[in-house]
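# Structure assessment
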Amino acid sequence: MRKIITGAALVLATAVLTGCGSDDSPAPADKPATSAQPKAKAGGGSGEVKHEVTLEVLGTGTTSVYYNLDTNKMEQVQLPWKKTSTITLTTDAEKRAGLGVSVVPGSVTGSDGMLHAAPCVITVDGKKVADNQDGKSDKMCEYKVK
């Protein structure tokens, strides 16, 4: 249980850090406002990069799932569980550093009767990029989408 709470704390920290660095405050009156968004490229391209990201928690029964995708949320879910979203990278910084996505699976009862982390998987554009070794690792599934 301690590992799940630690994982949840990591997800929340990731969520807070992902939101940091954005300054949506208005520009001072004595300075002209500038746009932080990249200019659209000639030829109609917006310069955006889109990726389809899927988070999965496998197994049977119900468990808690903490995730950071297009939103940060904790849900009590029926397994197997899946959430898919399109992540859009719009700035050069997002494209270079990436946006963090993660899922912290709750515990499920294993064949030995003991509680274990549920298996989790992250896929980006159909390719598996992270897992917790079928629940054998006590780490959460996380990935930087670039």
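These numbers come from a predicted model, not from an experiment. Counting restarts for each chain, with residues numbered from 1 along the sequence as it is written. Residues qualify for local features only when their pLDDT is at least 70, as the model is predicted, and side-chain atom pairs are given and counted only at 80 or more; totals for whole chains, interfaces and linings, by contrast, use all residues. Side-chain metrics in this entry use all non-hydrogen atoms of the structure; hydrogen atoms and water are not considered.

Any cysteine sulfur atom paired with another within 2.5 Å is treated as part of a disulfide. On inspection of all chains with the given rule, the structure shows one disulfide. Disulfide partner of cysteine 120: cysteine 141, at an S-S distance of 1.9 Å. Handedness of the cysteine 120-cysteine 141 disulfide follows from its S-S torsion of about 90°: it is right-handed. Note that cysteine 120 is positioned in strand 6 (residues 120–124) and cysteine 141 in strand 8 (residues 141–145), a separation of 21 residues in sequence. Helix and strand assignments follow DSSP, with helices taken as H or I runs no shorter than four residues and strands as E runs no shorter than two, numbered in order from the N terminus.

So, on to the confidence of the model for the chain. Detail in the predicted coordinates should be disregarded across regions flagged by low pLDDT. Here the chain shows a mean pLDDT of 77. Residues at 70 or above account for 68%. As a per-residue measure, pLDDT tells how confident the predictor is, with possible values from 0 to 100. Of all secondary-structure elements in the chain, the lowest mean pLDDT belongs to helix 1 (residues 2–19), at 45, while strand 6 reaches the highest, 98. Contacts of residues 1–45 to residues separated by more than four positions or lying in other chains number 32 contacts, the stretch itself having pLDDT below 50. Between two residues, a contact is recorded if the distance between any of their heavy atoms is within 4.5 Å.

The nonpolar core is taken to be a set of buried Ala, Val, Leu, Ile, Met, Phe, Trp, Tyr and Cys residues, with the residues joined through side-chain atoms within 4.5 Å. Note on exposure labels: buried denotes an accessible area under 20% of the residue type's maximum, exposed denotes more than 50%, and partly exposed covers the range between, all computed with a 1.4 Å probe on protein chains only. If you look at the biggest cluster of nonpolar residues, it comprises 21 residues, and the most contacted ones within it are Val53, Leu55, Val57, Trp81, Val103 and Ile122. Elements that contribute at least two residues to this core include exactly strand 1 (49–68), strand 2 (72–89), strand 3 (99–105), strand 6 and strand 8. Setting aside residues up to four positions removed in sequence, valine 53 forms contacts with Leu69, Lys83, Thr84, Ser85, Ile87, Val101, Ile122, Thr123, Val124 and Val145.

Mapped onto the fold, glutamate 56 is located in strand 1. Positive: Lys, Arg. Negative: Asp, Glu. His and the chain ends are not part of the count. Basic side-chain nitrogens of Lys or Arg form a salt bridge, by our definition, when they fall within 4 Å of a carboxyl oxygen of Asp or Glu. Buried charged residue glutamate 56 carries no salt bridge. Nearest counter-charge: lysine 82, at 4.2 Å. Discounting residues that sit within four places of it in the chain, glutamate 56 has contacts with Trp81, Lys82, Pro119, Cys120 and Val121.

Here we come to the pattern of salt bridges. Opposite charge on two side chains permits pairing when their charged atoms draw close. Under the defined criterion, the tally for this structure stands at two salt bridges. Here glutamate 75 makes a salt bridge to lysine 73, at a shortest N to O gap of 3.9 Å. Here aspartate 131 makes a salt bridge to lysine 128, at a shortest N to O gap of 3.1 Å. For lysine 128, a relative accessible area of 51% corresponds to the exposed category.

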